[in-house]
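Chain by chain, the residues:
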Amino acid sequence: MTALLPPANAAFDTHEVLNQPPALEDYNLFGTDRGLVNAAEVNGAGWAKDQLAAYGAKLGSAWAIEQGRLAHRFPPQLKLFDRFGHRRDEVEFHPAWHNIMGLIIGEGLHSAPWADPKPGAHVARAAAYVMHAQIEPGSQCPTTMTYGSVPALKRDAAIAAEWLPKIYSRSYDPAMKPVAQKSGALIGMGMTEKQGGSDVRANTTRALPAGAGGPGQEYVITGHKWFFSCPQIDAHLVLAQAPGGLSCFFMPHWLPDGTPNAIRIQRLKDKVGNKSNASSEVEFENAHGWLLGEEGRGVPTIIEMGTYTRLDCALGSAGLLRGAVAQALHHVYHRRAFQRHLIDQPLMTNVVADLALESEAATLLALRLARAFDRAEASEQDAAFRRLCTPAVKYWVCKRAPNAVVEAMEVHGGNGYVDEGPLGLLYKEIPLNSIWEGSGNVMCLDVLRALQKHPDSIEAYFAELIPARGNDKALDAAINDLKAEFADTAEMEHRARHVVEKMMVTLQGALLVRHSIPAVADAFCASRLGGDWGRAFGTLPKGTDTRAIADRARPV
Ligand SMILES: Cc1cc2nc3c(=O)[nH]c(=O)nc-3n(C[C@H](O)[C@H](O)[C@H](O)COP(=O)(O)OP(=O)(O)OC[C@H]3O[C@@H](n4cnc5c(N)ncnc54)[C@H](O)[C@@H]3O)c2cc1C
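Going along each chain's sequence as written, the residues are numbered from 1 onward. Local features are withheld for residues below a pLDDT of 70 in this predicted model, meaning they are given only at 70 or higher, and side-chain atom pairs are given and counted only at 80 or more; totals for whole chains, interfaces and linings count all residues. Side-chain descriptors were evaluated using all non-hydrogen atoms of the structure, hydrogens and water having been removed beforehand.

Some details on the layout of surface pockets
And then number 1: Size it by volume and the second largest pocket reaches roughly 950 Å³.
And then number 2: Lining residues are those with an atom within 4 Å of a point, where the points come from a 1 Å grid over the protein atoms alone and group into cavities, where a 1.4 Å probe fits but cannot get out, or pockets, open sets with protein on both sides within 12 Å along at least five of seven lines. Residue lining of the second largest pocket: 35 residues in total, with Gln327, Glu420, Gly421, Pro422 and Leu423 positioned closest to the centre.
And then number 3: Numbering goes from the N terminus for both helices and strands, where a helix is a DSSP run of H or I of at least four residues and a strand is a run of E of at least two. Put simply, the parts of the chain that give the lining of the second largest pocket at least two residues each are helix H3 (62-73), helix H9 (298-334) and helix H12 (422-429).
And then number 4: The leading source of residues in the lining of the second largest pocket is H3, at 7 residues.
And then number 5: Throughout, the ten residues Ala, Val, Leu, Ile, Met, Phe, Trp, Tyr, Cys and Pro are labelled nonpolar, Asp, Glu, Lys and Arg are labelled charged, and all others, Gly among them, are labelled polar. The residue inventory of the lining of the second largest pocket, partitioned by class, reads 13 nonpolar, 14 polar and 8 charged. Grid points are joined across faces, edges and corners, and a volume is the space filled by probe spheres set on the points.

Given below as structure tokens:
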């Protein structure tokens, strides 16, 4: 009898894979992001466009994207002991983490504006940072902390002389050994304790002078930190209560005699996202630290670091948002439903255009803030703008981005919710920037504090709006409205989020009017400032040129 069964492999030949978009890879994250190119240019980093394009190409390579995926898929493991029982307090990483760290440190995102200062250096770094966030945000934690630590380290000549050359190096050296034996070094921070993170004055960790005490002197520190990211790196700035009050200490992981400092890792945090990066709980038992600044002045010392890390939170969220919007746009130009590409379906065009507006506005705002970091020393106006707007921009960009990332996920349909793709990584990462380095309320209260201590800083903010006046009725009305908002000082604490939100949306509108194309600026002002908008994305008003907005943002 003739066999009726099909050949063995034919069972798998059930269908052709149709209508699935190609992976978004081997593209240039810089050149394909017109909002970012424009933001870098208008904020004084046009000179860096070739190096940014080179980094954008590296990050967009299939190889780098795969490293980012692997680093999140295989999170770090704590290695407390070696196999003979000796205490190690080490963290083991997947090779992909080291590859990604090699990229980011090689690009100098941890220190380039300090190592090679020039006009626009912080903005150029900021643009690269926005791109890096889209591929592997976990590696930005040690990068940011190192970047932020430099002004504080410069307060102590001996520490600066030994450590800054290693920090300025672009060599990523993961070895856990004394800094003298390393080609590069990274720095973290330890503030948050179990009983309080925002309210660091509640810290209970104690520091006693080992000798005479005072700036630059050695102290012995006992206590704990409840969040202590990157315990594997070379040193942390740590807050502890000295006899003169809460103080900031430089705590290297290896002591001058070559023995390990008494920093014990308790466990690694099991975080919702940020999987590639190790965050730990630690205890110090007679650990050694060197006082940075004066006793009792720990908060101002470490807050200086926090100013830079807050900038990075805004940049990181702008990057994560751009990553999600780029993926969503890529999807809708390829995917078809009901015989048409999704981009040709008016309601979907409305959704992705609305997301694109949010993304371009976030990027432009965050890079404008970075410009204030470039110019703060030379210009009192930029210094005032930085003081007032760093917490405001951090609050607003980090607050808006999660909603938009969720919408971008939905644009992908079911694929968006599957963790194999890039949306899962972006989605799990995106709430973090709003929480750490000062959560939302704390940022808004900081804005009020800046206004109270430096009432004239509001002039620096309005100076950004004035050149945009007379171009858009909704924007003009919002500027007038804000003046009334500031004039009313009743219940300011209760209204803090409301006031900061208005400040930031108006500033975004003004920046777009001045620096973007009319289709983007008009739609942003009509929806966000004119009130012709719904409560979800995809509610831009009738007559909006949604296709022009989507085409501008499409990553091609
Ligand atoms: C992944 C990750 C990594 C981290 N890494 C580090 C690290 O390396 N080093 C480090 O020091 N910390 C780190 N943190 C800790 C982080 O900075 C703190 O969690 C954050 O500052 C908030 O502190 P908290 O958790 O104690 O919350 P709380 O201070 O208890 O705040 C809880 C809530 O109350 C709000 N709130 C506080 N005060 C007020 C007020 N006056 N009015 C109204 N609302 C208020 C806050 O906005 C917040 O929403 C990390 C956190 C995470 C999630």
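Description of the site of the ligand
And then number 1: Taken together, 20 residues lie around the ligand, and Met191, Thr192, Gly197, Ser198 and Ser229 are the ones closest in.
And then number 2: In the analysis that follows, any N or O atom pair within 3.5 Å is treated as a polar contact, provided that within protein one partner can donate a hydrogen and the other can accept it, and provided that, for residues neighboring in sequence, both atoms belong to side chains. For the ligand, a nitrogen atom lies 2.8 Å from a polar atom in the side chain of Thr192.
And then number 3: For the ligand, an oxygen atom lies 2.9 Å from a polar atom in the backbone of Ser229.
And then number 4: Residue assignment for the shell around the ligand shows that the elements contributing at least two residues are strand S3 (187-190), strand S5 (218-229), helix H13 (432-435) and helix H14 (440-453).
And then number 5: Considered class by class, the residues forming the shell around the ligand number 9 nonpolar, 9 polar and 2 charged. One heavy atom suffices: a residue is near a molecule or strand as soon as one of its heavy atoms comes within 4 Å of it.

Some words on empty space enclosed by the protein
And then number 1: Under the criterion given, the structure shown has 2 cavities of 30 Å³ or more.
And then number 2: If you add up the space inside the largest cavity, you get close to 90 Å³.
And then number 3: Asp33, Arg34, Gly35, Leu36, Arg322, Ala356, Ser359, Glu360, Thr363, Arg552 and Ala553 together form the lining of the largest cavity.
And then number 4: If you list the elements that add at least two residues to the lining of the largest cavity, you get helix H1 (34-45), helix H10 (346-375) and helix H19 (546-553).
And then number 5: In terms of residue count, the dominant contributor to the lining of the largest cavity is H10 (4 residues).
And then number 6: When its volume is computed, the second largest cavity comes out at roughly 30 Å³.
And then number 7: Every residue lining the second largest cavity is listed: Phe30, Val37, Ala40, Glu41, Ala45, Gly46 and Lys49.
And then number 8: A per-element tally of the lining of the second largest cavity places H1 first, with 4 residues.
And then number 9: Here the residues of the lining of the second largest cavity are counted per class, giving 4 nonpolar, 1 polar and 2 charged.

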